[in-house]
Amino acid sequence: MRILVVDDEVRLADGVRRGLEAEGFAVDVAHTGIDGLWRARETRYDAIVLDLMMPGMSGWKVCEALRAEENWTPVMMLTAKDGEWDQVEALETGADDYVTKPFSFAVLVARLRALIRRGGVERPVVLEAGDLRLDPSSRRVWRGDEQVSLTAREFSVLEHLMRHRGQVLSKRDLIAGVWDDDFEGDPNIVEVYVGHLRRKLDRPFGREAIETVRGSGYRLAADGG
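About the thresholds
Residues numbered from 1 in each chain as written. Predicted model: local features only at pLDDT ≥ 70, side-chain atom pairs only at ≥ 80, totals over all residues. Heavy atoms only, no water. Pairing = 2+ DSSP bridges. Helix = DSSP H or I, 4+ residues; strand = E, 2+ residues; numbered from the N terminus. Axes fitted to C-alpha atoms, helices over the stretch in contact; angles between N-to-C directions. Salt bridge = Lys/Arg side-chain N within 4 Å of Asp/Glu carboxyl O. Buried < 20%, exposed > 50% of the residue type's maximum accessible area, 1.4 Å probe, protein only.

The name given to the protein in an unreviewed UniProt entry is Two-component system response regulator, and the organism recorded there is Agromyces aureus.

Here you go:
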């Protein structure tokens, strides 16, 4: 099994390499994000151990670039940053696991073996409607080349509309798909979130992608408006 270790701390990276080799792994090492990304593109690895904070190109950017290229090699983030939101960002960028420094080498190896057993799981494809794109894996949305920030609920409503683009969805359809069948609130909450999406994704770009079908519900134009 071949592992790529990417860390700008030379002594630590060398220590991880020697430890993994003693466990029977073949290990390549890179000390910059740019070199790590190049190696990950050129060689097939069973897993990548990736530091977050590196000069030139961060681990976040390396992972994001690999996932954008549909490279699903399992990625374990190894970093001194132990903040809750650091972990959230790493996982939402496409990492599969997150280990903080200092760490137990035995635990690192066990978690690495678990990642390899699971293998590289292909993420959902990017959904498209014209120049409107939604990536379920990284939970990002673009209108053309411009990334648009959405709340978690706005994202879920848009994702449901995009998975059924060209189809009319009633308020109940959207509530069942985004909230749940036991939702007991006002169904007009759907109108509120559709309004939010129109203000963020349609009006600033001169589009009318989310259509109101009177008496029936809403439809996302298949061509993105």
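**Student:** I'm lost on the sheet that holds strand E4 (residues 75–79) in this one. Help?
**Tutor:** Sheet strands pair by backbone hydrogen bonding; their relative direction is either parallel or antiparallel. In spatial order, the strands read E2-E1-E3-E4-E5; together these five strands make up an open sheet with parallel pairing. The open sheet is flanked by strand E2 (26–30) and strand E5 (97–100), the only strands paired with a single partner. Averaged over neighbouring strand pairs, the angle between their axes works out to 20° when direction is ignored. As defined by bridge partners, strand E1 (residues 2–6) adjoins E2 across five bridges and the pair is classed as parallel. If you follow Arg2 over to E2, its bridge partner there is Ala26.

**Student:** So what exactly am I meant to see when it comes to the pattern of salt bridges here?
**Tutor:** Enumeration over the complete set of coordinates arrives at 18 salt bridges. When the shortest N-O distance is used, the salt bridge between Arg140 and Glu64 registers 2.7 Å. On the criterion of sequence distance, the pair formed by Arg140 in strand E8 (residues 140–143) and Glu64 in helix H3 (residues 59–68) is long-range, its members being 76 residues apart. Put simply, Lys171 and Glu191 hold a salt bridge, and the shortest N to O gap is 2.5 Å. With Lys171 in helix H7 (residues 171–178) and Glu191 in helix H8 (residues 189–202), this pair connects stretches of sequence that are 20 residues apart. Take Lys171: its relative accessible area is 23%, and that puts it in the partly exposed class. Residue classification places Glu191 among the partly exposed residues on the basis of a relative accessible area of 40%. Each of Asp14, Arg17, Arg18 and Glu21 takes part in a single network of salt bridges with overlapping partners.

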